[in-house]
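Below are the chains, spelled out letter by letter.
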Amino acid sequence: MFDNLIVELGPWSWWLVGLVLLAAELILPGFFLVWIGLAAIIVGALSLLFWESSFWAWQVQGLAFAATAVIVALIGRRYFYNNNQATDEPFLNQRGASLVGRTATLDQPIAEGRGRIRLNDTYWTVSGPDLPVGTRVKVVASNGRDLTVEPV
């Protein structure tokens, strides 16, 4: 069935698939179908060149499409997903990391390596050496919700 569809549509089948994927990108969220659609259009262009060749069977076209999709997606990710942009809010969605360097007073003692501090209006679980309540500590690291502290 798949073989017959490709033979009937000819090299334009890949162009049709590519355009459908590009149209789907407009409807679906994300920015991924663009690369797969572009790969289908590239294989469609190759199909226009090699359609009459004996080696250009649908299996080879499928492999070419898969390889092209991976290559185009990697190239697109490299050039369009640059996350190394400078920002004035580097810890915007990293609340724990923004607390590194701050000092606070222990609300609960650190016993067996675990305790609690209060910074602003939030209680944070901390780890560090065993210390009594009221000790001033400095946040030295953040691991998600847990902070690592040391005495000041």
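Residues numbered from 1 in each chain as written. Predicted model: local features only at pLDDT ≥ 70, side-chain atom pairs only at ≥ 80, totals over all residues. Heavy atoms only, no water.

1. What about the UniProt feature "transmembrane region" (unreviewed entry) in the protein?
Mapped onto this numbering, the UniProt entry annotates "transmembrane region" (unreviewed entry) at residues 12-28, 33-50 and 56-75. Here residues 12-28 is 94% helix and 0% strand, with 24 Å between the C-alpha atoms at its ends. Strand forms 0% of residues 33-50 and helix 100%; the C-alpha atoms that close the span are 25 Å apart. (UniProt positions renumbered as here; feature names shortened; annotations may be inferred. Helix = DSSP H or I, 4+ residues; strand = E, 2+ residues; numbered from the N terminus.)

2. So, helix 3 (residues 33-50)
With 18 residues, helix 3 extends 25 Å from end C-alpha to end C-alpha; this agrees with the ideal 26 Å at 1.5 Å per step. Every buried residue of helix 3 is listed here: L33, V34, W35, G37, A39, A40, I41, V43, G44 and S47. Structurally, helix 3 contributes buried residues whose contacts are with helix 2 (12-27) and helix 4 (58-80). (Expected span 1.5 Å × (residues − 1). Buried < 20%, exposed > 50% of the residue type's maximum accessible area, 1.4 Å probe, protein only. Contact = heavy atoms within 4.5 Å.)

3. Topic: the nonpolar core
Formed by 13 residues in total, the largest nonpolar core has its most connected members in L106, I117, L119, V126 and L147. Of all the secondary structure elements, the ones that give two or more residues to this core are strand 1 (103-111), strand 2 (114-119), strand 3 (122-127), strand 4 (136-143) and strand 5 (146-151). Of all the elements, strand 1 adds the most residues to this core, at 3 residues. Here V126 is in contact with L106, I110, G113, R114, G115, R116, I117, L147 and V149, once residues within four sequence places are set aside. Residues A39, A40, V43 and W56 belong to the second largest nonpolar core, which totals 8 residues. (Core = buried A, V, L, I, M, F, W, Y, C linked by side-chain atoms within 4.5 Å.)

4. Points about helix 4
Here helix 4 is 23 residues long and its end C-alpha atoms lie 31 Å apart, about the 33 Å a rise of 1.5 Å per residue gives. Within helix 4, burial applies to Q61, A64, F65, T68, A69, V72, A73 and G76.

5. As for the pattern of salt bridges
Two side chains with opposite charge may pair up if their charged atoms get near one another. The full count for this structure, using the stated rule, is 1 salt bridge. In this structure, the salt-bridge partner of R114 is D146, at a minimum N-O distance of 3.6 Å. Of this pair, R114 sits in strand 2 while D146 sits in strand 5, and the two are 32 residues apart along the sequence. You can call D146 partly exposed: its relative accessible area is 26%. (Salt bridge = Lys/Arg side-chain N within 4 Å of Asp/Glu carboxyl O.)

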